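Analysis of the macromolecular model
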Amino acid sequence: MIAGTNTIYIDGQEIPFTPGQTVMDAALAASVYIPHLCHYPGLPPSGNCRLCMVETGGRNVAACIAQAAAGQEIRNNTPELNAARMAITQMLFVEGNHICPSCEKTGNCKLQAMAYHLGMLDQHFSQFYQHRDIDASHPDIALDRSRCILCDLCVRASRDIDRKNVFAIAGRGIDAHLIVNSASGKLADTPIAATDLAATICPVGAILIKEQGYRVPIGQRIYDRRTICETGLQEHIAQQRRDQ
Amino acid sequence: MTTDHQFKRKIKIATTSLAGCFGCHMSFLDMDERLADLLKQVELDRSPLTDIKHCGPCDIGLIEGGVCNAENVQVLREFRAHCATLVAVGACAINGGVPAMRNYFNVQECLEEVYLRGSGITNPQIPNDPELPLLLDKVYPVSEVVHIDYFLPGCPPSADAFLQLLQPLLAGQKPVVSPSRLHYD
Amino acid sequence: METREHLLHRLQAIQRQFRHIPPQAMQQAATDYQLPLSQVAAVVAFYSFFSTQPRGRFDILFSNCTSCGYLVEGENLLQILCRQLQTVPGKTRADDLVSIDETSCIGMCDHGASMLVNGIPITGLNLEKLARIAQRVTDAIPVQHWPVEWFAIVDTVHRRDLLLAKHPVPGSALRQAFSQGAGETLAIIRRSGLRGRGGAGFDTGKKWQLSRDTSGNTRYVVCNADEGEPGTFKDRLLLHEYAEELFEGMTLCAFIIGATQGFIYLRGEYRYLLPQLQSALKRRRSRGLLGARILKQRNFDFDIAIVVGAGAYICGEESALIESLEGKPGIPRIRPPFPVTHGYLGQPTVVNNVETFIAAAHITVHGADWFKAAGTTASAGTKILSVSGDCGKPGIYEYPFGVTIRQVLDDCAAVAAQAVQIGGPSGALLGPAAFDRTLAFDDVSTGGSVLVFGQQHDLLTIHRNFARFFAHESCGFCTPCRVGTQLLQNTLDNIAAGRGATADIEELQQLGKIVQRQSHCGLGHTAANHVLDSLRQFPQVFPNRMRSPFTARFDLDQALASTRRITRQNDAAAHLDQHK
């Protein structure tokens, strides 16, 4: 392989890639942060959150699903793209019920951390005031769908890593919602366990391990100490599993 | 607000708490000795701290709390009408906050739970005294009722965050919340 | 051939039998198809024609398109029928007799207000007809005993050209292809300049070549007959009267790329065409034009199965269509890879529009030059248009590419149109200044829908209709489309309700751009076009309704209504903004 042929440029920075690698994976490997919520290295990408939209060749593409191509010039950290990312984050906030002060995930929530990263001061759009079902049936795991951002991470984690196929997304448009793969539709009737990846991968407070809330004092939580651009560079399923 | 004014007279600030817990006001007071410096530049108009009941013309209005009833709407509109710059302060003003947790239920369910079914209730009945402000169907962010110029997130925003907001405003500049200080809880 | 019944068909049969999909039927389907129950539930939830609550014995769905919708000259036919039958939209009447709701365009735009009754279209609705329908429902007269003329759908063709003038002899294109060979036939198609007729305009010959050149165990030919773009109904005509040419074109494609199986993905709204399509397929099989050893060619077996959709506009997007063919919710795939290399079951798959296959059949019979003689350099041949709205002669028009919008408007007897929507809600909204532009891939590109709006039409009403359509049809996969289309609808509804603020103009602009630029698929990319077009060309539409820089984002007085009721207070003090 000739040096330099397998290279992309993100905001002018030369980044090597291996053929078949996505723009996101190449960027993360080179410690270049591209904002993302629905992507978790080690799981197949989905491309649904659209935070990782980057510009290349006059088009916007999702970095997590776009294949890197030799010589590709990519714009990532630009005011326009970050403004769009902020709007998308605000959309996620108003679509669900994200009341940080009353959510156990606060301080450890990626949606919140993304909003911090983007400098979000308000939600800009009008609230949707969604009513989505809560499932508290499982002894160890709670599911509050009103906080779900439909990132599909639990679906993929359960299907591809846990091999239990506990979750799916059903419904169209704004009615899309997380469903549970059991006749009752309840988590208690699935084989999910609190140690499963699907139970712990939720970036927001939609899937929570019970009796863990507020254990870490304010000031010591994940995003009290680090920014999402720092944590986002170090995540991988293999690491996540070791930490469990 | 012009820079000329700044040296001629004190900046007038009004504050209120709508559907909030006064925690933002408490945090404001956490400025402690820095309040003394601040009061050299500002004068408080309508505020729980002054007990002035209605707003006069003001430079800055600070709104704590979301909008949960008809009275909140009227107070908020009074502030908007009298304050050149209106700031939504804290999680409740910005997205409804903890009071907005009642949005999971409708008004009927809320009132019945509180006045008919709750524990320790004697003579259960839903009050309908005209003196009591009528509840809105939901708790709303203030920005859905009036135009808001700036937002100061936090539950509550820290005293430092208040200062970081007010100092540029007093100087006639646009406040910028530093990302490291940004938090929603 | 697929041996097992398609999952969508199984669910459609259950829906017909039980008027909904009961949980145990879902469970049974999951077992039979070896799928997670959640996947079956996701399919049921995705398609509009499935329900988990029982619908009425008479299940009535009014089209809500701007041309065949239920708003007619100030009357709301849906509300009127609901009143006559003492029910409310979306709820099944307590005695299970009737349910009335609305659905996206059912492709009857040249016939005025239309509905589906138990899946069968009735067109040309008016107050008198509605009253007679209500009577029959009340008397519980089965639909098959309703006047047969109510169900007659006449296709009016006002202009015929290359494709509609004459039917080629069935098998003639295939005989030609067999005699000259697949390579030469493909070369002719490539030379003809044929481009996809669905709207995207991809080079058809190139697509077939790519598929032919891709290695794969097997290949598929898929006809996209999911004509869901509001205002489009030309495939209805083609499937009804030109099915032979369609089958011929698909078989031709199969011969060229080496496929043995084809599918027609027929939109659920056109289910009424299914029996005649099935018998036409049967006829072709008996004539040796389909099945094993077609026209005695030793190495060419090919057959066509029809898969009927269940109410989802997004399935017109080719990768969503393939997902649906595979029995899944129609969520567009990540592209690349494109279906031409990784399509149905991961195999090379050619997906083309009905009209494209028909054109290919004609080109094989008449040659590339015959085709290129019509149209323009970049847009060879003709385009079949579905014209409806405020015009004297709605119907089908086939024009050579390059025709001006003005010509179309003149021919369809549109008087003083204030605007025309070319290509349906996802296309372009054009005002009189653009009427001299031409219909062509390099000018105004279109899948064929032409909606005419006369002076009497309020464009804001049109925008609200379109916005609602996209919010309803968004698959919900990606954030900007799922939330953004709903925000567009909410903003336009607010403006119409008198809560528009001047800041909303900028808001629509910003929001529109985000939906357009950040979405996953074509639905999102085009969903805001109509608003962005309008802001450019009809700048007065929105500001005319806006009085102040800011207004409350919801109806304050309405927000007090429940508490007023509960506390029995209704004096002036119990109201906000009552003057509105």
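A short note on the overall build of chain C
- Per the secondary structure count, chain C includes 22 helices and 16 strands.
- A compact globule built from 580 residues would reach a C-alpha radius of gyration of about 25 Å, and chain C, at 25 Å, matches this within 12%.
- Principal-axis analysis of the C-alpha atoms gives chain C an extent of 85 × 55 × 45 Å.
- Counting every position in chain C, which comprises 580 residues, the buried fraction comes to 53%.
- Once local pairs closer than 6 in sequence are excluded, the contacts in chain C between residues at least 24 apart make up 72%.

Side note on the overall build of chain B
- Assigned secondary structure in chain B consists of seven helices and seven strands.
- Counting from the amino terminus, chain B carries its helices and strands in the arrangement α-β-α-α-β-β-β-α-β-α-α-β-β-α.
- Here the C-alpha radius of gyration of chain B, 18 Å, is about what a compact globule of 185 residues would show, namely 16 Å.
- Across its three principal axes, chain B shows a C-alpha extent of roughly 60 × 35 × 30 Å.
- Residues classed as buried in chain B amount to 44% of the 185 residues present.
- Expressed as a percentage of contacts within chain B between residues at least 6 apart in sequence, the contacts between residues at least 24 apart total 78%.

Overview of the packing of helix α7 (residues 182–192) of chain C against helix α13 (residues 354–366) of chain C
Residue and element names in this part refer to chain C.
- For the pair α7 and α13, interaxial distance at closest approach is 10 Å and the crossing angle is 110°. Here α7 lies roughly perpendicular to α13, going by the angle between them. Residues Thr185, Ile188, Ile189 and Ser192 of α7 form the contact with α13, whose own contacting residues are Ala360, Ile363 and Thr364.
- In terms of residue class, the contact of α7 with α13 is made up of four nonpolar, three polar and no charged.

A word on the domain arrangement of chain C
- Taken domain by domain, chain C comprises domain 1 (7–46), domain 2 (58–154), domain 3 (158–372), domain 4 (382–454), domain 5 (459–545) and domain 6 (554–580).
- Taken over C-alpha atoms, the centre of domain 1 of chain C sits 34 Å from the centre of domain 5 of chain C.

A few points about the sheet that holds strand β15 (residues 428–430) of chain C
All names here are of chain C.
- With respect to topology, six strands assemble into an open sheet ordered β7-β13-β12-β16-β14-β15, the strand pairing being mixed. Either end of the sheet is taken by a strand with one partner, and the two such strands are β7 (157–159) and β15. Within this sheet the neighbouring strands show an average axis-to-axis angle of 25°, counted without direction.
- When β7 meets strand β13 (residues 395–400), the two strands line up parallel, connected through two bridges. Across the sheet, Val157 pairs through a bridge with Ile396, a residue of β13.

Things to note about the sheet that holds strand β3 (residues 58–64) of chain B
All names here are of chain B.
- Spatially, the five strands line up as an open sheet ordered β2-β1-β3-β5-β7, and their pairing is parallel. Whereas interior strands pair on both sides, the edge strands pair on one side only; in this sheet they are β2 (42–44) and β7 (150–152). For this sheet, the mean inter-axis angle between neighbouring strands, taken without regard to orientation, is 30°.
- Note that strand β5 (residues 83–89) and β7 share three bridges and pair parallel. When the sheet's bridge partners are listed, Ala88 is paired in β7 with Phe151.

Overview of the interface of chain A and chain B
- Contacts between the two partners involve 16 residues from chain A, matched on the other side by 23 residues from chain B.
- Classifying every residue of the side of chain A that touches chain B gives six nonpolar, nine polar and one charged.

Here's the deal with the pairing of strand β14 (residues 417–422) of chain C
Residue and element names in this part refer to chain C.
- In terms of burial, β14 is a largely internal element, five of the six residues being buried.
- In terms of strand pairing, β14 meets strand β16 (residues 449–454) through five bridges, oriented antiparallel. Of the residues in β16, the one forming a bridge with Ala419 is Phe453.
- Relative to β15, β14 is paired through three bridges, and the arrangement is antiparallel. Within β15, the residue paired with Val420 across the bridge is Leu430.
- The hairpin formed by β14 and β15 contains five residues between the paired strands, and Gly423 there has a positive phi angle of roughly 90°.

Topic: the environment of Arg46 of chain B
Residues and elements named next belong to chain B.
- Looking at the secondary structure, you find Arg46 in the loop between β2 and β3.
- Taking the C-alpha atoms as reference points, Arg46 and Cys58, separated by 12 residues in sequence, lie 9.2 Å from one another.
- If near-sequence neighbours (up to four positions away) are discounted, Arg46 is found in contact with Ala14, Thr16, Ile52, Lys53, His54 and Cys55.

A few points about the interface of chain A and chain C
- In this assembly, 29 residues from chain A lie in contact with 30 residues from chain C.
- Among the elements that line the side of chain A that touches chain C, the one with the most residues is helix α2 (residues 79–95) of chain A, at six residues.

Brief notes about the environment of Val420 of chain C
Residue and element names in this part refer to chain C.
- When you line up the elements, Val420 lands in strand β14.
- Judged by C-beta crowding, with 27 C-beta atoms within 10 Å, Val420 ranks as buried.
- Sequence-wise, Val420 and Gly454 are 34 residues apart; in three dimensions their C-alpha atoms are separated by 8.6 Å.
- Discounting chain neighbours no more than four positions away, the residues touching Val420 are Ile405, Leu409, Leu430, Val450, Leu451, Val452 and Phe453.

Comments concerning the nonpolar core
- Counting residues in hydrophobic clusters, the biggest one holds 275 residues, and the most contacted among them are Ile63 and Val67 of chain B together with Val222, Cys253 and Tyr265 of chain C.
- Here this core gets 10 residues from one element, more than from any other, and that element is helix α10 (residues 243–257) of chain C.
- Setting aside anything within four residues of it in sequence, one finds Tyr265 of chain C in contact with Val222, Cys223, Asn224, Ala225, Asp226, Val307, Gly309, Cys315, Leu321, Ser324 and Leu325 of chain C.
- Among the nonpolar cores identified, the runner-up in size contains 27 residues, and Phe58, Tyr70, Met115 and Phe233 of chain C belong to it.

Side note on helix α5 (residues 127–138) of chain C
All names here are of chain C.
- In this model α5 runs 16 Å from its N-terminal to its C-terminal C-alpha over 12 residues, within 8% of the 16 Å that 1.5 Å per residue would give.
- Residues of α5 that are buried: Leu130, Ile133 and Val137. The buried residues of α5 occupy one face: seen down the axis, they fall within an arc of 60°. Seen from the open side of α5, the exposed residues pointing more than 90 degrees away from its buried face are Glu128 and Gln135.
- Looking at the buried positions of α5, the neighbouring elements they touch are β1 (58–63), α4 (77–84) and β4 (98–103).

A look at helix α8 (residues 204–213) of chain C
All names here are of chain C.
- For α8, every residue scored as buried is listed here: Thr204, Gly205, Lys207, Trp208 and Ser211. Down the axis of α8, the buried side of the element spans an arc of 160°, and every buried residue falls inside it.
- Buried positions along α8 lie against α7, α10, β11 (349–353) and α13.

Thoughts on unusual backbone geometry
- Between Cys155 of chain B and the following residue, Pro156 of chain B, the backbone shows a cis peptide bond with an omega angle of -5°.
- The backbone of Arg293 of chain C sits at a positive phi, close to 50°, despite the residue not being glycine.
- Within the secondary structure, Arg293 of chain C sits in the loop between α11 (274–286) and β10 (303–308).

What about the packing of α10 of chain C against α11 of chain C?
Residues and elements named next belong to chain C.
- As a packed pair, α10 and α11 sit with axes 10 Å apart at the nearest point and diverge in direction by 60°. The angle between α10 and α11 falls in the class oblique. With respect to the hand of their crossing, α10 and α11 are arranged in right-handed fashion. Of the residues in α11, those touching α10 at Ala243, Glu244 and Phe247 are Leu277, Ala280, Leu281 and Arg284.
- The residue inventory of the contact of α10 with α11, partitioned by class, reads five nonpolar, no polar and two charged.

Here we look at the environment of Arg77 of chain B
- Among the structural elements, Arg77 of chain B can be located in helix α4 (residues 70–82).
- Residues Arg77 of chain B and Leu163 of chain B lie 86 residues apart in sequence; the distance between their C-alpha atoms is 25 Å.

The rules behind each value
- Residues numbered from 1 in each chain as written.
- Chains lettered and ligands numbered in written order.
- Predicted model: local features only at pLDDT ≥ 70, side-chain atom pairs only at ≥ 80, totals over all residues.
- Helix = DSSP H or I, 4+ residues; strand = E, 2+ residues; numbered from the N terminus.
- Rg over C-alpha atoms; globule rule 2.2 N^0.38 Å.
- Buried ≥ 20, exposed ≤ 12 C-beta atoms within 10 Å, placed from the backbone.
- Contact = placed C-beta atoms within 7 Å.
- Axes fitted to C-alpha atoms, helices over the stretch in contact; angles between N-to-C directions.
- Parallel < 35°, antiparallel > 145°, perpendicular 65-115°, else oblique.
- Nonpolar A, V, L, I, M, F, W, Y, C, P; charged D, E, K, R; others polar.
- Domains from an automatic or database assignment.
- Pairing = 2+ DSSP bridges.
- Core = buried A, V, L, I, M, F, W, Y, C linked by C-beta atoms within 7 Å.
- Expected span 1.5 Å × (residues − 1).
- Arc of directions from axis to C-beta.
- Left-handed = near helix turned anticlockwise from the far one by under 90°.

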